[in-house]
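This is what each chain is made of:
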Amino acid sequence: IPAIEKLEPGSRAIQTLVLCPTRELVMQVTEEFRKLMKFMGSVSDASVVAVYGGQEIDRQFKALKKKPLIVVGTPGRMMDHMRRGSISLSTVTMVVLDEADEMLDMGFRDDIEYILAETPSERQTIMFSATMSKDILALTNRYQRDPVVIDVTSQKINAPSIEQMYFELPERAKPEAVARLIDFYDVKLALVFCNTKSKVDSLVEVLKTRGYFA
């Protein structure tokens, strides 16, 4: 909302840049922007453009020619557009790194630094992160001036009746582990979260072949 409120519609140039680790999150963030923009008469749906791998780049070229004010993208595709000259970040006033820890875990650090180096030094840089690792703090120290840390974890209150546990497993072992946990605890209803659509589809197929109604 603050990103939209700070837009200058008369300036047909990119003002806000949002980087996300996956195309699914890019699409989700873009959709949220479009929902909120309906309440702003001075900006339209065309003011926000998503750029990510897996989508035809020509389609993105056409959208970018309409001079969006906000661009949401994955680091790799963002760099692709920058090198092709279809995106210039010289007018950006706000950069948001969404799930910054995830992007670092996925090896995007060099890409993030390349992109940030092409934005004005007087921009506002905002990071959303589930953890404050050394890598996150290093980015903060390098790219933020007098940063303010807002920690919302203290607001989370765990119900005492809920038991929590976790298992560290290699990726290939996770479907088998899920099935065994369901059997061991005789689970009747469960919610399982995966971080990509493809993993959701894959796990559902594994569970179905084992006779679970998933």
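Asker: Which residues make up the overall build of the protein chain, and what values go with them?
Answerer: Across its full length, the protein chain carries 9 helices and 5 strands. Sorting the 214 residues of the protein chain into buried and exposed places 36% on the buried side. Restricting the contact set of the protein chain to residue pairs at least 6 apart, pairs at least 24 apart contribute 67%. For the protein chain, the exposed area adds up to about 14,300 Å²; of that, 53% sits on carbon and sulfur atoms.

Asker: Can you lay out a nonpolar patch on the surface for me, pointing to particular residues and giving the numbers?
Answerer: A cluster of nonpolar side chains, contributed by Met165, Phe167, Leu169, Leu181, Phe184, Tyr185 and Val187, occupies part of the molecular surface with about 700 Å² of accessible area. You can see Phe184 is positioned in helix α8 (residues 174-184). In this structure Phe184 comes out as exposed when scored by relative accessible area, which is 66%.

Asker: Any details on unusual backbone geometry? Residues and values, ideally.
Answerer: Phi at Glu99 takes a positive value of approximately 55°, unusual for a residue other than glycine. With respect to the helices and strands, Glu99 occurs in the loop between β4 (94-97) and α5 (100-105). We note that Asp146 has phi near 45°; this positive angle belongs to a residue other than glycine.

Asker: Outline the nonpolar core, listing residues and values.
Answerer: The biggest cluster of nonpolar side chains holds 26 residues, and the ones touching the most others in it are Leu17, Met78, Ile87, Leu97 and Ile115. Elements with a contribution of two residues or more to this core: β1 (16-19), β2 (48-51), α4 (75-84), β4, α5, α6 (109-117) and α7 (134-143). Cys20, Leu25, Leu69 and Ile70 belong to the second largest nonpolar core, which has 18 residues in total.

Asker: Any chance you could break down α6 for me, citing the residues and the numbers?
Answerer: Among all positions of α6, only Asp111, Ile112, Glu113, Ile115 and Leu116 are buried. Elements in contact with the buried residues of α6: β1, α4, β4, α5 and α7.

Asker: Go over the side chain of Thr30 with me, naming the residues and quoting the values.
Answerer: Turning to its location among the elements, Thr30 is positioned in helix α2 (residues 23-37). Excluding residues that lie within four positions of it along the chain, Thr30 makes contacts with Val48, Ala50 and Val72.

Asker: Talk me through the pairing of strand β3 (residues 70-73); I want residue IDs and the actual numbers.
Answerer: Alternating positions in β3 separate into two faces, Ile70 and Val72 on one and Val71 and Gly73 on the other, with burial throughout. By the bridge criterion, 4 bridges tie β1 to β3 in an arrangement that is parallel. The residue bridging Leu17 from the neighbouring strand is Val71, located in β3. Since β2 and β3 lie parallel, the crossover through helix α3 (residues 57-64) that links them has a hand, and here it is right-handed.

Asker: Describe in detail the sheet that holds β1, supporting the description with residues and values.
Answerer: An order of β2-β3-β1-β4-β5 is seen for the 5 strands of this open sheet, with the pairing classed as parallel. At either end of the open sheet lies a strand with only one pairing partner, and these are β2 and β5 (124-127). In this sheet, adjacent strand axes meet at a mean angle of 15° when their direction is disregarded.

Asker: Would you mind going over the pattern of salt bridges in detail, with residue names and values included?
Answerer: Note on pairing: side chains with opposite charge can pair once their charged atoms come close. Tallied over the entire structure, the rule returns 10 salt bridges. When the shortest N-O distance is used, the salt bridge between Arg109 and Asp135 registers 3.4 Å. Residue Arg109 is located in helix α6, and its partner Asp135 is located in helix α7; the two are separated by 26 residues in the primary sequence. Using a relative accessible area of 28% as the deciding quantity, one classes Arg109 as partly exposed. Between Arg180 and Glu176 there is a salt bridge, with the nearest N and O atoms lying 2.9 Å from each other. You can see Arg180 and its partner Glu176 sitting in helix α8, 4 residues apart, about one turn around the helix. Residue Arg180 is classed as exposed on the basis of its relative accessible area, which comes to 57%. When its relative accessible area of 30% is taken as the criterion, Glu176 is described as partly exposed.

Quick notes on the rules
- For every chain, the first residue of the written sequence is number 1, and numbering continues from 1 onward in sequence order.
- Where totals are concerned, whole chains, interfaces and linings use all residues; where local detail is concerned, this predicted model gives features only for residues with pLDDT of at least 70, and gives and counts side-chain atom pairs only at 80 or more.
- Side-chain descriptors were evaluated using all non-hydrogen atoms of the structure, hydrogens and water having been removed beforehand.
- A run of DSSP states H or I qualifies as a helix once it reaches four residues; a run of E qualifies as a strand once it reaches two. Both are numbered from the N-terminal end.
- Relative accessible area decides the class of each residue, using a 1.4 Å probe on protein chains only: under 20% of the type maximum gives buried, over 50% gives exposed, and in between gives partly exposed.
- Any two residues having at least one pair of non-hydrogen atoms within 4.5 Å are treated as being in contact.
- With residues, only the protein chains shown are counted as cover, and all accessible areas are computed by Shrake-Rupley using a 1.4 Å probe.
- Candidates for patches are residues over 30% relative accessible area with no salt bridge; among them, like charges are joined within 9 Å and nonpolar side chains (Val, Leu, Ile, Met, Phe, Trp, Tyr) within 5 Å.
- For this document, the term salt bridge refers to a Lys or Arg side-chain nitrogen within 4 Å of an Asp or Glu carboxyl oxygen.
- Residue types Ala, Val, Leu, Ile, Met, Phe, Trp, Tyr and Cys, when buried and joined through side-chain atoms within 4.5 Å, form a set referred to as a nonpolar core.
- The pairing criterion for strands is at least two bridges between them, as found by DSSP.
- Crossover handedness is defined by viewing with both strands directed away from the observer: a clockwise path from the first strand over the helix to the second marks the crossover as right-handed.
- Whenever a helix is involved, its axis is fitted only over the stretch in contact; in every case the axis is a line through C-alpha atoms, and angles between N-to-C directions fall within 0 to 180 degrees.

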